[in-house]
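What follows is the residue order along each chain.
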Amino acid sequence: MFSLTRRLSFGLRYTNVPSRRNESNSKKLRGPAAQDVSYFRSVLTRPSHGVLDGTASHDVKDEIDKKYNTDWTRHYKGSSDLVLRPQTTWEVSSILKYCNENHIGVTTQGGNTGLCGGATPISNEVVLSMEYMNRIYKLDEYSGVMTCDAGCILQSLHDYAEEKGFLFPLDIGSKGTCQIGGNVSTNAGGHHFFRFGGMHGTVVGMEVVLADGRVLRLNIDNSEDGNNERTHQFQQSSASLRKDNTGYDLKQLFIGGEGTLGIVTKVAVACPALPTSKNVALLVCNSYNDVLQILKTSKEELGEILSAIELIDSNTMNFIQKYGAGNGDHLMTELLSSETTSKQPLFILVETQGCNQESDFSKMDSFLTSLYESSTIENGFLAQDSKQIEEIWGLREACNPSVAQAGYVHKFDVSIGIESYMEVAEEVSDALKKSNLPDLTVCCWGHVADGNAHINIISGKFDGDVNEAEAIENIVYSSVMKRKGSISAEHGIGQSKRKYIGQTKDEAVLELMSQVKNLFDPNFILNPGKYLP
């Protein structure tokens, strides 16, 4: 299969990794050697489990290539021979200090569910997998702050919070595999961004290891660190306070930093109380103007209980019906029964969360009735129980896997002004036809309430084409940028968007970003070849 890495980083060697603003300050990086592996074994608590050395065995190398050198989309492929799986902050600190002193590149990896190649090595860096750092320390019953390791699977945090009567605020389709450290490092948004905001708002504290091995504890309690006696006390820690204005809020630099400034090892996240009432409806409308009216009316009539509004276009829904293993077939038949429904309808998922089921259900029912009576929607279905709620959300979460079965997917995660949300997808579709790019289908779904569109362009063939990919990227990003949108809403920059960031930021901003990188990682060992232009 064609790998986009070959196109985006062709000819890239470690000497070219740093930003053009910092090349004179950088030193050449190298891959790990036998003596380095020996050192890493000496600092890991369980070296037999914590070290995967691909040079020692073909079987181990195969495991590394399949699990750590290849990303979820299979667009990006690295060539790392060494994976380290630490269990404590002290181990991470020891590894980074050694790599910094010996100029060895490090790529940090969580659940490997990213879509931009940000966690995939480019060359023979050390892959630092956080999978063994997966301890949940506590959830304070009064403040609602949960403290956990960065390697915790998101679904496990949901389960733990629910047991304690709380709701973990981040919810995304990959929650069964992704890790909270990766979520923080890419500033993941998810379905409930509209209600709870992003990681910049919900993360109240974190522990970070810098490139030189120093440990920063930023408004987080380290008393639960099982290896605390081996951890250097670079900073006095405190409990994770909801308010702390003593100095610069440094943790914000690491949220969305994609592991280029430091490695997140622990996080403290504020969790709201678990809602006792949840209602979900799936609506069908004929135009995007109707969607805008739904957004306006939902805020007016549902108010404080409104928690999510998601859009799925008809092309995406067609793939779900074809490849979604029967997801919602009978529901779709019912919804599309109206004779006045457009051939290209738009589907809107609306969710509320509250604490009074009778009142909340009544609000939702009244909201849907007003939409139907005003002809804003052609049809709608209000879930009557938890099974139907799961069925409706199942359609939304089937978007990614369904299009992946249809062919080679060019994926874009963009942020657009809400009024222009569907304009980009429509303009891109028209431009692709005029560019004589055959057999391409444009799909659009996403978090319409905050302007985050997931535009996926599916080719009928199952391998990529370098010229086609280049043309498609230029068309999509040109359409987004001329509307003053963002080329990355929640999936990050990684490898795939690195070359475009220079077109989206002012020179002064880029210069300052490079200076921040120089300050935190002067040898450029952290996630080389990613993020900055």
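Above this text is the structure in question.
Residues numbered from 1 in each chain as written. Predicted model: local features only at pLDDT ≥ 70, side-chain atom pairs only at ≥ 80, totals over all residues. Heavy atoms only, no water.

Colleague: I tried to follow the side chain of Thr147 on my own but got confused; where do I start?
Modeller: The topology assignment puts Thr147 in strand E6 (residues 145-149). With near-sequence residues (within four places) excluded, Thr147 lies in contact with Ile136, Tyr137, Lys138, Ile220, Ser240, Val267 and Ala268. (Helix = DSSP H or I, 4+ residues; strand = E, 2+ residues; numbered from the N terminus. Contact = heavy atoms within 4.5 Å.)

Colleague: Help me out: how do you make sense of the packing of aromatic side chains in this one?
Modeller: Aromatic rings considered in pairs are described by the distance between their centres and by the relative angle of their planes. The tally for this structure, following the rule as stated, stands at 8 aromatic pairs. For the pair Tyr288 and Tyr421, a centre-to-centre distance of 6.2 Å together with 10° between the ring planes defines the contact as stacked. One end of the pair, Tyr288, is in helix H11 (residues 288-301); the other, Tyr421, is in helix H17 (residues 421-434), with 133 residues separating them in the sequence. Assigned by exposure class, Tyr288 and Tyr421 land together as buried. Clustering of aromatic rings is evident, with ring pairs tying together Tyr39, Phe40 and Tyr98. (Phe/Tyr/Trp six-rings, centres within 6.5 Å; stacked < 30°, edge-to-face > 60°. Buried < 20%, exposed > 50% of the residue type's maximum accessible area, 1.4 Å probe, protein only.)

Colleague: So what exactly am I meant to see when it comes to helix H18 (residues 466-481) here?
Modeller: Helical geometry: 3.6 residues make up each α-helical turn, so side chains three or four residues apart lie on a common side. Compared with the 22 Å implied by 1.5 Å per residue over 16 residues, the 22 Å span of H18 between its first and last C-alpha is a close match. Those residues of H18 lying buried are Glu468, Ala469, Ile472, Glu473, Ile475, Val476, Tyr477, Ser479 and Val480. (Expected span 1.5 Å × (residues − 1).)

Colleague: Please clarify how the packing of helix H2 (residues 34-43) against helix H5 (residues 89-102) should be interpreted in this entry.
Modeller: When two helices pack together, their arrangement is captured by the angle between the axes and the distance separating the axes. It is the contact of H2 with H5, at a shortest axis distance of 10 Å, that shows an interaxial angle of 160°. Here H2 lies roughly antiparallel to H5, going by the angle between them. In this structure, H2 meets H5 at a crossing whose hand is right-handed. Residues Gln35, Asp36, Tyr39, Phe40 and Val43 of H2 form the contact with H5, whose participating residues are Trp90, Glu91, Ser94, Ile95, Tyr98 and Cys99. Across the contact of H2 with H5, the residue classes tally to 7 nonpolar, 2 polar and 2 charged. (Axes fitted to C-alpha atoms, helices over the stretch in contact; angles between N-to-C directions. Parallel < 35°, antiparallel > 145°, perpendicular 65-115°, else oblique. Left-handed = near helix turned anticlockwise from the far one by under 90°. Nonpolar A, V, L, I, M, F, W, Y, C, P; charged D, E, K, R; others polar.)

Colleague: Is there a simple way to explain the pattern of salt bridges in this structure?
Modeller: Any two side chains of opposite charge can pair if their charged atoms end up close together. All chains considered together, the criterion is met by 20 salt bridges. Among the salt bridges present, the one from Asp149 reaches Lys266, with a minimum N-O distance of 4.0 Å. Here Asp149 is found in strand E6, whereas its partner Lys266 is found in strand E9 (residues 263-270), with 117 residues between them in sequence. Of the charged contacts in the structure, one is a salt bridge between Asp171 and Lys175, with a shortest N-O distance of 3.0 Å. (Salt bridge = Lys/Arg side-chain N within 4 Å of Asp/Glu carboxyl O.)

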